[in-house]
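Structural overview
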Amino acid sequence: TPYETPLCTVLVNAARATRTVINPPLSTVQLGHLERVSDWASGEVPEVVLADGFHLKETARLLKACRDAGAALCLDGGSWKPGTAELASLLTVAICSERFAVPGEPKGPDATLAWFAEQGVPHVAVTRGARPILALDRGRRFEIEVGKISATDTLGAGDVLHGAFCYRFACTGEFEPSLRLASEIATRSCQGLGIQSWATH
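Further remarks concern the overall build of the protein. Scanning the protein for helices and strands turns up five helices and eight strands. Whereas a compact globule of 201 residues would reach a radius of gyration of roughly 17 Å, the protein reaches 17 Å, a difference of no more than 12%. If one aligns the C-alpha atoms of the protein with their principal axes, the spans along those axes are about 45 × 45 × 35 Å. Counting only residues that meet the buried cut, the protein has 39% of its 201 residues in that class. If you take every contact in the protein between residues at least 6 apart in sequence, the share linking residues at least 24 apart comes to 56%.

Pairing is possible between side chains that carry opposite charge, provided their charged atoms lie close to one another. This model, assessed by the stated rule, comprises seven salt bridges. Across the pair Arg67 and Asp68 runs a salt bridge whose closest N-O atoms are separated by 3.0 Å. Residue classification places Arg67 among the partly exposed residues on the basis of a relative accessible area of 29%. In this structure, the salt-bridge partner of Asp110 is Arg141, at a minimum N-O distance of 2.9 Å. Residue Asp110 is found in helix H3 (residues 109–118), and its partner Arg141 is found in strand S8 (residues 140–144); the two are separated by 31 residues along the sequence. On the basis of relative accessibility, which here comes to 42%, the residue Arg141 falls in the partly exposed class. What emerges from the salt-bridge pattern is a single network uniting Asp137, Arg140, Glu176 and Arg180.

Further remarks concern the pairing of strand S2 (residues 18–22). As paired elements, strand S1 (residues 9–13) and S2 share five bridges and run antiparallel to each other. In the strand pairing of S2, Asn13 is matched with Thr18. Counted along the chain from S1 to the antiparallel partner S2, the turn is four residues long, and its residue Ala17 has a positive phi close to 55 degrees.

The mixed open sheet is built from six strands, whose spatial order is S3-S4-S5-S6-S7-S8. Because the sheet does not close on itself, it has two edges, and the strands there are strand S3 (48–51) and S8. Recorded for the sheet is a direction-independent mean angle of 15 degrees between the axes of neighbouring strands. Strand contacts of H3: strand S4 (72–77), strand S5 (93–97), strand S6 (123–128), strand S7 (131–137) and S8, with the helix running at about 160 degrees to S6, the strand carrying the most contacts.

By the definition in use, this model includes zero disulfides. Among the cysteines around Cys66, which has no disulfide bond, Cys166 carries the closest sulfur, lying 13 Å off. Of the residues examined, Cys66 reaches a relative accessible area of 2% and is grouped as buried. Cys190 forms no disulfide, and the closest cysteine sulfur to it belongs to Cys166, at a distance of 18 Å.

Another point: the packing of helix H4 (residues 157–172) against helix H5 (residues 175–189). One way to put it is that H4 packs onto H5 with a least axis distance of 8 Å and a crossing angle of 145 degrees. In terms of crossing hand, the pair formed by H4 and H5 is right-handed. Of the residues in H5, those touching H4 at Ala157, Val160, Leu161, Ala164, Phe165, Arg168, Phe169 and Thr172 are Phe175, Ser178, Leu179, Leu181, Ala182, Ser183, Ile185, Ala186 and Ser189. Among the residues making up the contact of H4 with H5, the classes are represented as 12 nonpolar, four polar and one charged.

On to the layout of surface pockets, then. Quantified by volume, the second largest pocket comes out at close to 190 Å³. Together, 13 residues line the second largest pocket, and Val49, Leu50, Thr59, Leu62 and Leu63 are the ones closest to its centre. Only S3 and helix H1 (56–68) provide two or more residues apiece to the lining of the second largest pocket. Considering each element in turn, the lining of the second largest pocket owes the most residues, five residues, to H1.

The rules we used
- Residues numbered from 1 in each chain as written.
- Predicted model: local features only at pLDDT ≥ 70, side-chain atom pairs only at ≥ 80, totals over all residues.
- Heavy atoms only, no water.
- Helix = DSSP H or I, 4+ residues; strand = E, 2+ residues; numbered from the N terminus.
- Rg over C-alpha atoms; globule rule 2.2 N^0.38 Å.
- Buried < 20%, exposed > 50% of the residue type's maximum accessible area, 1.4 Å probe, protein only.
- Contact = heavy atoms within 4.5 Å.
- Salt bridge = Lys/Arg side-chain N within 4 Å of Asp/Glu carboxyl O.
- Pairing = 2+ DSSP bridges.
- Axes fitted to C-alpha atoms, helices over the stretch in contact; angles between N-to-C directions.
- Disulfide = S-S within 2.5 Å.
- Left-handed = near helix turned anticlockwise from the far one by under 90°.
- Nonpolar A, V, L, I, M, F, W, Y, C, P; charged D, E, K, R; others polar.
- 1 Å grid on protein atoms, 1.4 Å probe; cavity = no way out; pocket = protein on both sides within 12 Å on 5 of 7 lines; lining within 4 Å.
- Points joined across faces, edges and corners; volume = space filled by probe spheres on them.

Spelled out as structure tokens, the structure:
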């Protein structure tokens, strides 16, 4: 009960399609630990679980329980978080931004792809804004061209990509087609101002 939901301020420059996110200070409240699937939601095991790397101390056992119960685990790797190394061995998919970097390791998209592959993650991708997405599907490398658009607002595009990917991957279990569709939807989302206006079209 003492935990307060963090509120962020987002400044959007529609002319340049850039945004600045201003985050509040990190909360010092100790959160409870979730360990069993029954600790979470209805207790039913989902097809895919998406984790962003935050609060891994509190959720690592739950994520392992979901994986052990048959769920695929997908990482939204915006940046390195404490516990990511331990989480990697549980992952089915890692989709990271180009700023993701493993401490003490070489930096860059190729290094990220290689590190996750070394950890045994079968499906890995690195998004690079308007540049092509780089990916490995069980060691097979491929690229996905990002559609050329006149972007208005890129806020939330990564969240749209991960959500669309997880939905499609849960339905099909196919990595590359799911990632291609997610890329198209995320690109479309950048053409409207605000995180949901694009969806009405």
